[in-house]
Amino acid sequence: MTTSHGRLVAFGNQLIDVHIWLREELAELRESIDAHLAGTRPRELRAHCLAFCSALNRHHTGEDDGAFPELARRFPELRPVLEELRRDHRLVEDSLRRLQALVGALDQAADPAEVRRELDSVAALMETHFVYEEKRIVSALNALDAPDWHRSRPEFLRTDESES
């Protein structure tokens, strides 16, 4: 199935691509934090952390507000899975908030090792969540034909704030 512009409509495959991109962004953030722990101070650590946290929150909010309601409407049997994924989103959001606060306080009293532990927590939550989500909803997303999503890429499938 393709759009009028010839773009393959496989929203689940696009979701996997976004997850890969988010994993890569997390790896870059981890490198920045490791560099800080090794004694160098990357100038953009706070900005990088904020950008990553914002991208992950935008992705999850887009799922909660757009993809999940559509999936629940078209595939009612997925509702318990979608609720579990929403609970995961809240756990990830809480961990991201803690991470941002710790990174923001690195120049004051924050323990850099605590920052790394919180980042490891975010990474573990993300990976578990992404693997479960990919196993449970990718085929349903691939089966969807959501006309609005053809005109403008939905939030949960964006990797850049300027995408539309």
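Our subject in this report is the structure included herewith.

The rules behind the values
Residues numbered from 1 in each chain as written. Predicted model: local features only at pLDDT ≥ 70, side-chain atom pairs only at ≥ 80, totals over all residues. Heavy atoms only, no water. Helix = DSSP H or I, 4+ residues; strand = E, 2+ residues; numbered from the N terminus. Buried < 20%, exposed > 50% of the residue type's maximum accessible area, 1.4 Å probe, protein only. Contact = heavy atoms within 4.5 Å. Expected span 1.5 Å × (residues − 1). Bend = angle between axes of the 7 residues up to and from the residue. Core = buried A, V, L, I, M, F, W, Y, C linked by side-chain atoms within 4.5 Å. Salt bridge = Lys/Arg side-chain N within 4 Å of Asp/Glu carboxyl O. Axes fitted to C-alpha atoms, helices over the stretch in contact; angles between N-to-C directions. Parallel < 35°, antiparallel > 145°, perpendicular 65-115°, else oblique. Nonpolar A, V, L, I, M, F, W, Y, C, P; charged D, E, K, R; others polar. Disulfide = S-S within 2.5 Å. Left-handed = near helix turned anticlockwise from the far one by under 90°.

When helices and strands are counted, the protein shows five helices and zero strands. Reading the helices (α) and strands (β) of the protein from amino to carboxyl end gives α-α-α-α-α. Buried positions account for 43% of the 164 residues belonging to the protein. Contacts spanning at least 24 positions in sequence make up 74% of the contacts within the protein whose residues lie at least 6 apart.

With 32 residues, helix α4 (residues 112-143) extends 45 Å between its outermost C-alpha atoms, agreeing within 8% with the 46 Å of an ideal straight helix rising 1.5 Å per residue. Along α4, the sharpest change in direction is near 50° and occurs at Ile137.

This paragraph deals with the nonpolar core. Within soluble globular proteins, side chains that are nonpolar generally end up buried alongside one another. One finds Phe52, Leu71, Leu99, Ile137 and Leu141 to be the most contacted residues of the largest nonpolar core, which totals 43 residues. When residues no more than four places from it in sequence are discounted, the contact partners of Phe52 are Leu22, Glu25, Leu26, Leu29, Leu96, Val122 and Met126.

In this section: the pattern of salt bridges. Scanning all chains against the criterion turns up 13 salt bridges. Between Glu70 and Arg73 there is a salt bridge, with the nearest N and O atoms lying 2.8 Å from each other. Taken together, the positions of Glu70 and Arg73, both in helix α2 (residues 45-74) and three residues apart, correspond to about one turn of that helix. Here Glu70 falls in the buried class, since its relative accessible area comes to 16%. Connected via shared salt-bridge partners are Arg30, Asp34, Arg116 and Asp120.

Each packed pair of helices is defined by two parameters, the angle between the axes and the distance between the axes. Relative orientation of the contacting elements helix α1 (residues 11-37) and α4 amounts to 170°, with a least axis distance of 10 Å. Classified by the interaxial angle, the pair formed by α1 and α4 is roughly antiparallel. By residue class, the composition of the contact of α1 with α4 is 19 nonpolar, five polar and eight charged.

Turning our eyes to something else, we now look at the state of the cysteines. A covalent bond between the sulfur atoms of two cysteines is what we call a disulfide. A full pass over the atoms with the stated rule returns zero disulfides. Not engaged in a disulfide, the cysteine Cys49 finds its nearest cysteine sulfur in Cys53; these two sulfurs lie 4.0 Å apart. Judged by relative accessible area, Cys49 falls into the buried class, the value being 1%. Among the residues examined, Cys53 registers a relative accessible area of 1% and is labelled buried.

Attention now goes to the packing of α2 against α4. Running from N to C, α2 and α4 point in directions that differ by 30°, and their axes come no closer than 13 Å. Relative to α4, the element α2 lies roughly parallel. Viewed along their axes, α2 and α4 form a crossing whose handedness is left-handed. Where α2 abuts α4, its residues Phe52, Leu56, His59, His60, Glu63, Phe68 and Leu71 lie against Val122, Met126, His129, Phe130, Glu133, Ile137, Ala140 and Leu141.

Within the fold, Arg136 resides in helix α4. Sequence-wise, Arg136 and Leu85 are 51 residues apart; in three dimensions their C-alpha atoms are separated by 10.0 Å. Setting aside its immediate chain neighbours within four residues, Arg136 contacts Leu78 and Val81.

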